[in-house]
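Survey of secondary and tertiary structure
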Amino acid sequence: MLRFAPSPTGDMHIGNLRAAIFNYIIAKQTNQPFLIRIEDTDLARNIEGKDKEILSLLNLFGLLWDKLVYQSHNFSHHQKIAEYLIAKDKAFYCYCTKEFLDQKREEAKAQKRAFRYDESWAQIHKDSNPKPVVRLRGAREEIGFVDEIKGEISFNPNEIDSFVILKDDGIPTYNFACAIDDMLYDISFIVRGEDHVSNTPRQILVRKYLDYTKDIGYAHLPIILGESGSKMSKRDNASSVSWLLEQGFLPQAIINYLIAMGNKTPTEIFRLQDAIEWFDIKHIAKSPVKFDIKKLRFINREHLKMLNESELALLLNTKDVSVGGLAKLYLQEASTLNEIRDKIDSIFAPKDIYALYEEQDFSEPCKILYEAFVALMAEHSLALREYESLKAELLERTGLKGKNFFKPLRILLTGTSHGLELHEIYPFLQLFLTDIVRLKD
Ligand code: GLU
């Protein structure tokens, strides 16, 4: 079984989504079930409703799961297994107070050495501290694993000291709950962010003490850098999956981009289903990748181009296929749904003829043209049916020429003074002229 294990403690980051996509693809490629495990062990940091939000995003991206579990439902298993490890002397109660450990940490810092827990401290505060934690005995030998992206990674025993597996309230720590659940659900391969590399030997050690012999494969994904070249943080808007969706990026384009990042793909534009045919985690580059929104915009536009007029209309919240047709034309200049929406909104908004367009005042010719246009509409003139006949009729009726004719015409029809060829968009506009040719008060 493959799994994606989000913590409901914050918004879904593109790095999380990337891990979810890769785990999903591998599950499909190897015909194994895909599990979503909500890692809600950090009770204080859990945010109400985040689990549902993550699940609905996964749903939207088409990453459908075969099984869903909440880690907290397994706490009693975690606690029983901790007791078993204590009985086997692979884990022990530690009564150290927080103050004592903080002091030891300070001492290590002052001596410029890494802090390591010393098992001889375990009982020191037994009489004064009624709430011990449970720690797993640290590694006695080297622990290594082969990472499908990074290659062989190994840790010296002194890097893995006795770490906490149950907190003083009996709640398991992330490393322990994760190690146990990966075993209980028979996970075969794990793709996750590289911030978890140092957790992996700890999780392997837990299972080793339980004599679990099945090898779990790992691939740790390099971090994603922001445009500035430093690690993308929560403050970078583009790191939030919801933000990207709000900007009008399509789920299929975001997926395409996240798979293509730091990867060699047979084609530049593809769908999730295509990637299942050829994706190989080994081809993901080891080095950090930079998030390139320009590339995402390009990919998004290509995916928008693959949609037909009614699909586009639906995404723009209208059933009117002509709006979809107009949207399709605007793909010559727009790359996201929001940009298309802005163009279309500008067409249907009352026109501000007193604004400056390219620093020029076109209010007078706009007024003249508007009057002539309204008259044609009142007459239900046949000239309105086609752009060429409309143009000829308006030229004649207004006597306007050149720029003083074409700019105002464009302003009245689209709300801007530049853009797509009017003869291209007019067939669509022609259907809604009374909504379009209106002036702002
Ligand atoms: N809950 C962890 C996270 O969101 C999961 C890490 C893992 O996949 O093991 O980072």
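Residues numbered from 1 in each chain as written. Predicted model: local features only at pLDDT ≥ 70, side-chain atom pairs only at ≥ 80, totals over all residues. Heavy atoms only, no water.

**Focus: the site of the ligand**
Near the ligand, the surroundings consist of Arg-3, Ala-5, Ser-7, Glu-39, Tyr-174, Cys-178, Arg-192 and His-196. Note that an oxygen atom of the ligand is positioned 2.5 Å from one of the side-chain N or O atoms of Arg-3. Here an oxygen atom of the ligand sits 2.8 Å away from a polar atom, N or O, in the side chain of Tyr-174. Burial of the ligand by the surrounding chains reaches 83%, relative to a free accessible area of 300 Å². Counted by class, the shell around the ligand contains three nonpolar, two polar and three charged residues. (Near = heavy atom within 4 Å. Polar contact = N/O pair within 3.5 Å; in protein donor to acceptor, adjacent residues only side chain to side chain. Areas by Shrake-Rupley, 256 points an atom, 1.4 Å probe, with all protein chains shown as cover. Nonpolar A, V, L, I, M, F, W, Y, C, P; charged D, E, K, R; others polar.)

**Regarding the nonpolar core**
Counting residues in each nonpolar core, the largest one holds 99 residues, and the members touching the most others are Ile-21, Ile-259, Ile-281, Phe-291, Phe-373 and Leu-413. No other element matches the ten residues that helix H1 (residues 14-29) contributes to this core. In contact with Ile-281, not counting residues within four places along its chain, are Phe-22, Ile-26, Glu-148, Ile-149, Phe-189, Val-191, Ala-219 and Leu-221. Formed by 33 residues, the second largest nonpolar core is a distinct cluster that contains Leu-35, Ile-143, Leu-205 and Ile-216. (Core = buried A, V, L, I, M, F, W, Y, C linked by side-chain atoms within 4.5 Å. Buried < 20%, exposed > 50% of the residue type's maximum accessible area, 1.4 Å probe, protein only. Helix = DSSP H or I, 4+ residues; strand = E, 2+ residues; numbered from the N terminus. Contact = heavy atoms within 4.5 Å.)

**Quick notes on the pattern of salt bridges**
As enumerated under the stated definition, the model contains 27 salt bridges in all. For Glu-39, the salt bridge is made with Arg-37, and the minimal N-O distance between the two is 2.8 Å. Here the two residues Glu-39 and Arg-37 agree in accessibility, since each one is buried. (Salt bridge = Lys/Arg side-chain N within 4 Å of Asp/Glu carboxyl O.)

**Considering the sheet that holds strand E5 (residues 133-136)**
With respect to topology, three strands assemble into an open sheet ordered E4-E5-E8, the strand pairing being antiparallel. Two strands lie at the open edges of the sheet, namely strand E4 (91-94) and strand E8 (164-166), each paired on one side alone. The sheet shows a mean angle of 45° between the axes of neighbouring strands, direction not considered. Here two bridges tie E5 to E8, and the two strands are oriented antiparallel to one another. Directly across from Val-134, in E8, lies its bridge partner Leu-166. (Pairing = 2+ DSSP bridges. Axes fitted to C-alpha atoms, helices over the stretch in contact; angles between N-to-C directions.)

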